Structure formats: C-alpha cells, structure tokens
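Here are the chains, one letter per residue:
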2 protein chains.
Amino acid sequence: MKQRATIRDVAAAAGVSVATVSYVLNGKKKVSEQTRNVVLDVIKELEYVPDLNAKSLSVKDTKLIGVVVPQTEPGSTLMFRNNFYGEILGSIEYHARQYGYHVLISATDVTEDYLNLIRERNLDGVIIIGTYQSEFFEQLRQLDLPVVMVDSYCEYNWFHEVRIDDQKGIYQATKYVLDAGHREVGLVCGLLHEDGVMQKRFRGYQQALAEYGIPFRQEYVFEGNVDYDSGVEIAGRIVRTQKDLTAVVATADMFAIGLMKGFYEAGIRVPEDISVMGFDDLDISAYMTPGLTTVRQEISLKGEHAVNLLVQNMADAGMKKATEILPVRIVERESVKRKG
Amino acid sequence: MKQRATIRDVAAAAGVSVATVSYVLNGKKKVSEQTRNVVLDVIKELEYVPDLNAKSLSVKDTKLIGVVVPQTEPGSTLMFRNNFYGEILGSIEYHARQYGYHVLISATDVTEDYLNLIRERNLDGVIIIGTYQSEFFEQLRQLDLPVVMVDSYCEYNWFHEVRIDDQKGIYQATKYVLDAGHREVGLVCGLLHEDGVMQKRFRGYQQALAEYGIPFRQEYVFEGNVDYDSGVEIAGRIVRTQKDLTAVVATADMFAIGLMKGFYEAGIRVPEDISVMGFDDLDISAYMTPGLTTVRQEISLKGEHAVNLLVQNMADAGMKKATEILPVRIVERESVKRKG
C-alpha cells in the first residue's frame, strides 16, 4: 500500500505550518486566498486524505454534499423563491465549490426517501436547514456520516450546529421598538407548535416586554406561515381588530414585507401610522420603500460556516460536536418611527 | 458508514449472475418473473441500494442533470440571489424531481471546468441558462448529450431552445407606456454589446418608438449590469441629467426595483412624478409599494418546459431540435400613471 501523505507532508510541501493547513481544511481562521490556493493545490497533488482512522478508506469520496431545505408546502416549487433559502444556498454552493465539492440540493420531503438518496448518491455529508421530525434525525444518525444542522433546534445532541441566538435576536428587535417609545407592540410569527426557531423568538419577545413591565397580551400575537402572503393577510387582520398597535415585530423579513404591503393597501402608512420591525435582513429588505429596519443575521456566513464544519468533519471522522452561534445586529432603515 | 451490500452480494445470495441482478434493476433485458422476485426479495433483505455514482454499474443513466447559471460577477455568491434565477431553478428542481432526476446546479464559470464536470459526473443532460461564448457551445456539442438552452441567443442551431419573444415583449412594454400618454420615455437595459437578450429588447423599444413616430434619442438609453444597484445608480443619473423623462421602461424587474428606490431616495415619486415599467414579473415585483407594472414572462413555465424537452431528448437521442417560444403579457399594477 502506498504511503499516505500526512498533514505534515502537506504543510512542508506548501511551505506553511500544520496549523495553516488545518485552517484551510476547517475554516476556523482566515487564510489568505493565495495561501489557501497553494494548500489546496498541494492537497490535490499529494492526494492527501485526512486521517479517517476507523473509517473504511474504501468509502468512495464522491465530492458531493447534500443540502436539505424544508418545503413550505408539499409539492411547492417555492424552495428557491423564499429569499432566505436563496441566500444561504448561494453561499453553500459557493463555499462548497471552493473545496471542490458539488452540492445536491433537495426540497424533497424529509422522509425515508431522503435517507435513500443519501445512500444511493453516496453523499459525503449533509447540511440540514430547519427543524424536522425527530425520527428523521434518529435515522440520519444511523447512516453515520457528517451532518451539520443550520437553524435546527432538536432535542438530540449529535450533529454540528450553526445558528444564531434566536431568542436574543427578537429580544433585541423588541427592545429596539420599545426604546423608540412604542408600548402597544404586536408580534407576527410562524406557527409556534411546529417550529423550534419560532418558539425561541416568541420567548425573546416576551422577555423584552417583561423587562419593560409591559403585560403580555395573547391577542397581540399573530401566527402564520412564514411568507409574504401571510404578512399581507395579517396586516388586514391587524387593521380590522387591533387598531391600538403602534408597532409590529415580525420574526422574518418575508412577513414584514407582506405586512408593509398589506398596510399600504389598507391606506395605513409605514412608519407614520404603524412601525414595522423585521428579522433576517434579506437583500430585498433594503429594496423596500421605506427600507425595512430589521435584525441582520449573517445568512451567507451561516452557509459558509456550515460548509467549513462539514468539510472539517469529513476530514476528521472523530471530530467532537461543534456548535457555532453567529452574531446578529440591528440594521436601522426607515420602517420604525421614534414615538412621542 | 455501515458496510453496504454490493451487487455481488445480491447476486450471490440470490444464486444468479451479477448481470441478471443488473437486468432486474435496469429492465434492459427480460428476466423470468420468478427470478425477478427472488432478486427483489434479496435486495430488500440486504437493504441493497444501487450506487448511482458508480461507473461500475455501467448503467449510463445517472439520473442527474446539470443546470448552468451565468455568474453575474466572477466569484460571486449571488447566483440564487437574483430572483429570476431563484424562480427558474426552483421550477427546474421541482419538475426534474417529478421525473426522478436530481439537479446539480453550478454557477461555476462556463469553461473547460464545466465540460469536465459533465464528463466526471456523467450527467444525463444539461440545461443552460443565458448567453455564453460560442466556443463553449461548440465544445458542449462535442460531448453529444441532450442540451436545452434557456434564453440563449446564439448563432448555432444545435440545441433545443426555450425562450420568449424578447423583442416583442419590450415592444409591448414600451407601447403600453406610450398608450398611457408618455412621450419622453427612457430605456434602462443591460450591456448591449454582450447580451443577446438585451439586444432584442433594445430593438423592441426602438420599434415601438418608430411606430409612434417618436425619434430615438441615444441619451434616453441607460446601460448597466442587470441588478438592483445599477437601477439605483441610474435613477440618480436620470434625476440629474434627464429631467424631461416622464417614464422609464426597464428591461428587467431588478432594474425597475432599483430605479424605484433611487427615485424614492431622490424625493421623486413613482408614479406621480415618473412612471416605471418593468420586465419579468418576479415575485417581489408584487411586494413593492407601489406594485410594479411589468411584462410577465412565465418563469416557472420556462423551467418546466426546459425539463420536459430535456427528458424527451434523453428518451429519444435522435430527437429533432425543438424551439419553444413562451408567451408574455402585461401585468398592470400601480407604477405607470396615465398621463394627461
């Protein structure tokens, strides 16, 4: 058997430290584009395969990773049309390509079918976006391949995670609106019973209200599917039933954009008559008139970190579970008005 | 990963040849009902899943199709963030899945690399979106696999085509604005020297002006990259240099949305001060306030037809070149004002 190249051989041939090679593989620290290219070239030339230890080396490296995106509706073609997914998928495709991986994107329902797909295509790893049934995660675990979850809250502790602090994010959003002087503040959120992210965000809203001594009112909470149409519909409901609201915090920009349109159609001006606060900072949120004030999460960075963790785990089968919590920040535009 | 059963394991357990198992799987030769049942039982029992990537299976059909999307900028992660591509990719992924195909999406620069990818991945067919260098098409032709071009104008006549009548589309858009009473009508379009689609649309604008006896004025034509930022920038230029314009026809909704924002920021109201006409009818064009009046092309239908043609050609290698021209229609919203 041919002597396998080690990480030390790669470092020596590339004229860099072992740590640098490791950073290129795991993305934990920034490496200059030039150095990165040199290291990747050497890895290719030496056919360096990171030590898989117990793992059978005969497992064929297909250079193919799977990405699972939730379907908002069964049979929907909308996968890429929700801008959040468009942005994160663009980032995952780009960064995977930098490591020489191709991406098989599926909006297929996450069932036995997807587990078959993983086996049939012999995928090297999988990035899961969103929350799914726990059976799925259990079955996935049995396949014993590198998995990174993005924005998945699940009771299991097996897979790497990349996410933000969702509770804190909406806490900050609500606090921003309260600091602007609003006291009658609604929440527009996804279906709370089925979505871990939405529950965290709901708690962030309650936490901020409590801190300001404002009683929580159930009738100020509006649940819906996380999409534009729901936002439009909920704006109509707010106009009809909750005229006291002076501000709404939306748990997703797609909601906020629908709300703005719904208010516009009802002749209610944003922000003069009602303030709207978003969450995500999608590209299109800046396109709106007025521009949407929102909580920015680094969507592209989420994709990049997910790819880095996956590549790292593919190189090191014994890698410990990693959890990365990315930062968020308020982006001020024009949709929230200072009151009084 | 758990040791997977191989086709040899199945053959041994079923007491048949590997070829027989292969025939049961691919249906290429008739196998007796009894043998077939035995093989299928063993496949089930051993949880055998064919490795679709394995060349050894010698079945040429990988059930994988490639989709090529132009990169707006080299190294950009924006592929999915241009909503036009998001919509058409969502449709292609969905319809391919209905036929049992998976989609490998690449924003990789269309060079030798992509031709290698086609070979390495043994793709069953390719859908090309947009216009590329003619060398690429020539090389692609030599690979001799089914190809469908979407929105590609090229001098070659080899591949199937799905597109709209771009000239007629912008002719209709311009006519709509002229019929609304506007006479000082600008055109905002992509770079004319490099894009077949943009040239056709440019001619449609000139055709409508000529029909209304309005002289063409070069200073009313604004070229830029087809994106939001260009739209914002061009709005600024129009405000500074072409105050006589009362309406602008944009050759893409992304432009129009940028124009609306640019005018908004300059204190110019749409449609009260200037009318804006779009082209595409992206989902987000309805989200705008005011809603964008535009020419709707059936983006999802383009994706669906491209998949259908490809699947048809994969089933019939001798299929004649097909060209499908899909219809467009005006969608009236609020961004174009009737004048006088």
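Residues numbered from 1 in each chain as written. Chains lettered and ligands numbered in written order. Predicted model: local features only at pLDDT ≥ 70, side-chain atom pairs only at ≥ 80, totals over all residues. Heavy atoms only, no water.

Tallying secondary structure elements over chain A gives 12 helices and 12 strands in all. Within chain A, counting contacts between residues at least 6 apart in sequence, those at least 24 apart form 70% of the total. Entry remark: accessible area of chain A is about 14300 Å², with carbon and sulfur atoms responsible for 47%. (Helix = DSSP H or I, 4+ residues; strand = E, 2+ residues; numbered from the N terminus. Contact = heavy atoms within 4.5 Å. Areas by Shrake-Rupley, 256 points an atom, 1.4 Å probe, with all protein chains shown as cover.)

Attention shifts here to helix α10 (residues 253-265) of chain B. Residue and element names in this part refer to chain B. Here α10 is 13 residues long and its end C-alpha atoms lie 18 Å apart, about the 18 Å a rise of 1.5 Å per residue gives. With 11 of its 13 residues buried, α10 lies for the most part within the structure. A positive phi of about 80° marks Gly-267, the residue just after α10. (Expected span 1.5 Å × (residues − 1). Buried < 20%, exposed > 50% of the residue type's maximum accessible area, 1.4 Å probe, protein only.)

On the secondary structure map, Gln-142 of chain B appears in helix α6 (residues 134-143). For Gln-142 of chain B and Leu-115 of chain B, which are 27 residues apart along the polypeptide, the C-alpha to C-alpha distance reads 10.0 Å.

Bringing the sheet that holds strand β7 (residues 221-223) of chain A into the picture now. All names here are of chain A. Across the sheet, which stays open at both edges, the 6 strands sit in the order β7-β6-β8-β9-β10-β12 with mixed pairing between neighbours. Here the strands that pair on one side only, and so sit at the sheet edges, are β7 and β12 (328-331). Going from strand to strand, the sheet's axes swing by 15° on average, the running direction of each strand aside. Lying on the sheet, helix α8 (residues 196-211) is in contact with β6 (185-189), β7, β9 (275-280) and β10 (293-297); it crosses β6 at an angle near 175°. (Pairing = 2+ DSSP bridges. Axes fitted to C-alpha atoms, helices over the stretch in contact; angles between N-to-C directions.)

Quick look at the sheet that holds strand β8 (residues 247-250) of chain B now. All names here are of chain B. Pairing is mixed across the open sheet formed by 6 strands, whose spatial order is β7-β6-β8-β9-β10-β12. The open sheet terminates on both sides in strands that have one partner only, identified here as β7 (221-223) and β12 (328-331). Strand-to-strand, the axes of this sheet are offset by a mean angle of 15°, without reference to chain direction. Where strand β10 (residues 293-297) meets β12, 4 bridges bridge the pair, whose relative direction is antiparallel.

Quick look at the environment of Tyr-176 of chain B now. All names here are of chain B. Turning to its location among the elements, Tyr-176 is positioned in helix α7 (residues 166-179). Along the sequence, Tyr-176 and Leu-292 sit 116 residues apart, while their C-alpha atoms lie 14 Å from each other. Beyond its immediate stretch of four places on either side in the chain, Tyr-176 contacts Met-277, Thr-293, Ile-330, Glu-332 and Val-336.

It is worth spelling out the packing of aromatic side chains at this point. Think of a pair of aromatic rings as described by two things: how far the centres are apart, and how the planes are tilted against each other in angle. Counting across every chain of the model gives 14 aromatic pairs over all chains. Seen from their ring centres, Phe-202 of chain B and Phe-216 of chain B are 5.7 Å apart, and the 80° between their planes marks the pair as edge-to-face. Residue Phe-202 of chain B is located in helix α8 (residues 196-211), and its partner Phe-216 of chain B is located in the loop between α8 and β7; the two are separated by 14 residues in the primary sequence. The exposure class of Phe-202 of chain B is buried, given its relative accessible area of 15%. Of the aromatic side chains, those joined through ring pairs into one cluster are Phe-136, Phe-137, Trp-158 and Phe-159 of chain A. Directly above the ring of Tyr-99 of chain A sits Arg-36 of chain A, whose terminal nitrogen or CZ lies 5.3 Å from the centroid. (Phe/Tyr/Trp six-rings, centres within 6.5 Å; stacked < 30°, edge-to-face > 60°. Lys NZ or Arg CZ within 6 Å of the ring centre and 35° of its normal.)

The next thing to look at is the nonpolar core. Across soluble globular proteins, nonpolar side chains have a tendency to be buried as a group. Among the nonpolar cores identified, the biggest contains 156 residues, and Ile-127 of chain A together with Ile-127 of chain B are the most heavily contacted of them. In this view, Ile-127 of chain B contacts Ile-65, Gly-66, Val-67, Val-68, Ile-92, Val-148, Val-150, Ala-306, Val-307 and Leu-310 of chain B; residues no more than four positions away in its chain are not counted. In this structure, Val-126 and Leu-140 of chain A together with Val-126 and Val-147 of chain B belong to the second largest nonpolar core, which totals 39 residues. (Core = buried A, V, L, I, M, F, W, Y, C linked by side-chain atoms within 4.5 Å.)

Moving on, we come to the pairing of strand β5 (residues 160-164) of chain B. Residues and elements named next belong to chain B. Burial within β5 is extensive, with 5 of its 5 residues counted as buried. Covered by surrounding structure in β5 are His-160, Val-162 and Ile-164 together with Glu-161 and Arg-163, the residues of both alternating faces. Sheet topology places strand β4 (residues 147-150) next to β5; 3 bridges connect them, and they run parallel. When the sheet's bridge partners are listed, Val-150 is paired in β5 with Val-162. For β5 and strand β11 (residues 323-326), the ladder comprises 4 bridges, and the chain directions are parallel. Directly across from Arg-163, in β11, lies its bridge partner Ile-325.

The next point concerns the packing of helix α9 (residues 228-241) of chain B against α10 of chain B. All names here are of chain B. At a minimum axis distance of 6 Å, the contact between α9 and α10 shows a crossing angle of 45°. Here α9 is positioned oblique relative to α10, judged by the angle of their axes. Crossing of α9 against α10: the hand is right-handed. Here Tyr-228, Ser-230, Gly-231, Val-232, Ile-234, Ala-235, Ile-238 and Val-239 of α9 come into contact with α10, specifically with Met-254, Phe-255, Ile-257, Gly-258, Leu-259, Lys-261, Gly-262, Phe-263 and Glu-265. When grouped by side-chain class, the residues that make up the contact of α9 with α10 number 11 nonpolar, 4 polar and 2 charged. (Parallel < 35°, antiparallel > 145°, perpendicular 65-115°, else oblique. Left-handed = near helix turned anticlockwise from the far one by under 90°. Nonpolar A, V, L, I, M, F, W, Y, C, P; charged D, E, K, R; others polar.)

Moving on to the environment of Gly-236 of chain A. Assignment of secondary structure puts Gly-236 of chain A in helix α9 (residues 228-241). Under the relative-accessibility criterion, Gly-236 of chain A is labelled partly exposed at 21%.

Right, let's talk about the pattern of salt bridges for a bit. Residue and element names in this part refer to chain B. Throughout the structure, instances matching the rule amount to 27 salt bridges over all chains. Among the ionic pairs, Asp-179 bridges to Lys-175, the shortest N-O distance being 3.2 Å. In this pair, Asp-179 and Lys-175 are both assigned in helix α7, 4 residues apart and thus about one turn of the helix distant. Accessibility expressed as a relative area gives 38% for Asp-179, which makes it partly exposed. We note a salt bridge from Arg-296 to Asp-281, for which the minimum N-O separation is 2.7 Å. Separated by 15 residues along the polypeptide, Arg-296 in strand β10 and Asp-281 in the loop between β9 (275-280) and α11 (283-287) bring together distant segments of the chain. (Salt bridge = Lys/Arg side-chain N within 4 Å of Asp/Glu carboxyl O.)

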